[in-house]
Amino acid sequence: VGHCHPDIVKAAHEQNQLLNTNSRYLHDNLVDYAERLSKTLPEKLCIFYFLNSGSEANDLALRLARQYTKHEDVIVLDHAYHGHLTSLIDISPYKFRNLEGQKEWVHVAPVPDTYRGLYREDHEDPVAAYADEVKNIIEHAQKRGRKIAAFFVESLPSVGGQIIPPAGYFQKVAEHVHKAGGVFIADEIQVGFGRVGKHFWAFQLQGEDFIPDIVTMGKPIGNGHPLACVATTKEIAEAFAATGVEYFNTFGGNPVSCAIGLAVLDVIEKEHLQAHATEVGNFLMKTLKEQQIKHPIIGDVRGCGLFIGVDLIKDQAE
């Protein structure tokens, strides 16, 4: 919503003047904010955990998945980055390849990239081909006695190269993952909150029939203020609560953070920022494609709303 947006600054200031507590104390802002967020999501994603950062959100998502499924293993996409905690470095090929390497419980699937990837635009069915790669990973893991807890993916892989997965890919992958007893986690930390323009959440680009089991949020959620969220289903939340080990976060969902979160949603709505992302994104894509015609170094221009990638290459044929 822009640096130092006056409405956000005002909301933070006003709530700061009244009260800020740790989250053991009840406050209406938390409930009001959860209700507002729930209106942006499919109905079954109705339980919210508030945290301070995207990394905290992804770590909790991992815990939820493991507690619910009673499995350990995680499938991620190649080049993925999901955060800076130890648990997340372990599921981020972008990082672990330069550190201690791949853990036994981590499985890496190819990025569904139809420009540079294994299966390209000329393939007869890249969606099924990329989803089958996940299916093969599951089968191979099961033969070794491993059990899949989650498929963990950014709704639009960002660090992996601003990739737009072909529509239908998530549905097919979810089918394979659910069959294996796992859950589907959509990381919306970089791409949520209307950035893609036509939808509020990037996973919605896959179609109305696709609903993740867990969605994580961060970055734009608080417009620079430390705020994050995990949204999930009642079933998953109940399995998590059944351990008797309650989830507690000292400042996650404090009154000031929630006031800011509410103000961000107000601004997105009031200033029609989704439509703005579509309009500016379309203009940028159009002008970049004009450059692509002039410059052979530009191999591909792809994007949706204000999530755009320009692929620079050495050789058009290869």
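Small disclaimer: the values here were computed from a predicted structure and weren't measured. (Residues numbered from 1 in each chain as written. Predicted model: local features only at pLDDT ≥ 70, side-chain atom pairs only at ≥ 80, totals over all residues. Heavy atoms only, no water.)

Digging into empty space enclosed by the protein
Gaps between atoms show up when a probe of the same size as a water molecule is rolled over them. Taken as a whole and judged by the stated rule, the model has 2 cavities of 30 Å³ or more. The space that makes up the largest cavity amounts to roughly 70 Å³. Lining the largest cavity are 13 residues, and of these Leu77, Asp78, Ala80, Glu154 and Pro157 sit closest to its centre. The element that contributes the greatest number of residues to the lining of the largest cavity is strand β4 (residues 148-154), accounting for 3 residues. Across the lining of the largest cavity, the residue classes tally to 7 nonpolar, 4 polar and 2 charged. Empty space within the second largest cavity amounts to approximately 30 Å³. Ser23, Tyr25, His27, Leu30, Gly253, Asn254 and Pro255 are the residues that line the second largest cavity. A class-by-class count of the residues in the lining of the second largest cavity yields 3 nonpolar, 4 polar and no charged. (1 Å grid on protein atoms, 1.4 Å probe; cavity = no way out; pocket = protein on both sides within 12 Å on 5 of 7 lines; lining within 4 Å. Points joined across faces, edges and corners; volume = space filled by probe spheres on them. Helix = DSSP H or I, 4+ residues; strand = E, 2+ residues; numbered from the N terminus. Nonpolar A, V, L, I, M, F, W, Y, C, P; charged D, E, K, R; others polar.)

Overview of the side chain of Asp300
Take Asp300: it is sitting in strand β8 (residues 298-304). The exposure class assigned to Asp300 is buried, which follows from its relative accessible area of 13%. At a separation of 2.7 Å, a polar atom in the side chain of Asp300 contacts the side chain of Arg302. (Buried < 20%, exposed > 50% of the residue type's maximum accessible area, 1.4 Å probe, protein only. Polar contact = N/O pair within 3.5 Å; in protein donor to acceptor, adjacent residues only side chain to side chain.)

Quick look at the sheet that holds strand β7 (residues 228-232)
Spatially, 7 strands are ordered β1-β7-β6-β5-β4-β2-β3 in an open sheet, and the strand pairing comes out mixed. Strand pairing shows two members of the sheet lacking a second neighbour, β1 (47-51) and β3 (106-109), which therefore form its edges. Neighbour-to-neighbour, the strand axes of this sheet turn through a mean angle of 20 degrees, independent of strand direction. For strand β2 (residues 73-77) and β4, the ladder comprises 4 bridges, and the chain directions are parallel. Opposite Asp73, over in β4, you have Ile148 as the bridge partner. The strands that helix α2 (residues 28-38) touches are β1, β6 (214-217) and β7; relative to β1, the one it contacts most, it runs at about 120 degrees. Sitting on the sheet, helix α6 (residues 126-143) touches β2, β3 and β4, and the angle it makes with β3 is about 155 degrees. (Pairing = 2+ DSSP bridges. Axes fitted to C-alpha atoms, helices over the stretch in contact; angles between N-to-C directions. Contact = heavy atoms within 4.5 Å.)

Thoughts on the environment of Pro6
Structurally, the position occupied by Pro6 is in helix α1 (residues 6-18). In the structure, Pro6 is positioned 189 residues away from Arg195 in sequence and 20 Å away in space, judged by C-alpha atoms.

Re the nonpolar core
Judged by nonpolar contacts, the single largest core of 55 residues is most densely connected at Leu37, Phe151, Tyr169 and Met217. Broken down by element, this core gets its largest block of residues, 9 residues, from helix α9 (residues 255-270). When near neighbours in sequence (up to four residues on either side) are disregarded, Phe151 contacts Ile75, Leu77, Val134, Tyr169, Val173, Val177, Val183, Phe184 and Ile185. In terms of nonpolar packing, the next biggest core, distinct from the first, is built from 25 residues, Ala61, Val76, Leu88 and Ala228 among them. (Core = buried A, V, L, I, M, F, W, Y, C linked by side-chain atoms within 4.5 Å.)

Observations concerning the environment of Ala228
Take Ala228: it is sitting in strand β7. On the accessibility criterion, Ala228 (0% relative accessible area) is buried. Here Ala228 is in contact with Tyr49, Phe50, Leu51, Asn52, Ser53, Gly54, Ala57, Met217, Gly218 and Ile221, once residues within four sequence places are set aside.

Overview of the layout of surface pockets
Its volume calculated, the largest pocket comes out at about 470 Å³. Around the largest pocket sit 19 residues that line it, and Ser23, Leu30, Phe48, Tyr49 and Tyr247 are the ones nearest its centre. For the lining of the largest pocket, the secondary structure elements donating two or more residues are α2, β1 and α8 (234-241). What the second largest pocket holds in volume is close to 370 Å³. Every residue lining the second largest pocket is counted, 18 residues in all, and those nearest its centre are Val1, Phe193, Arg195, Pro220 and Leu273. Looking at the lining of the second largest pocket, the elements that each hand over two or more residues are α9 and α10 (273-294).

Here's the deal with the domain arrangement of the protein
Domain annotation of the protein identifies domain 1 (7-271) and domain 2 (276-312). Counting from both sides, the interface comprises 16 residues of domain 1 and, opposite them, 14 residues of domain 2. Interface area, domain 1 with domain 2, both sides summed: about 1,200 Å², of which 58% is carbon and sulfur. For the domain 1 face of the interface with domain 2, the top three residues by lost area are Tyr115, Gln162 and Arg195, together amounting to 45%. Ionic pairing is found between Arg116 and Asp311, a salt bridge with its closest N-O pair at 2.6 Å. Along the contact surface separating domain 1 from domain 2 lie 7 residue pairs in polar contact (both at pLDDT 80 or more). (Domains from an automatic or database assignment. Buried area = accessible area lost by both parts, 1.4 Å probe. Salt bridge = Lys/Arg side-chain N within 4 Å of Asp/Glu carboxyl O.)

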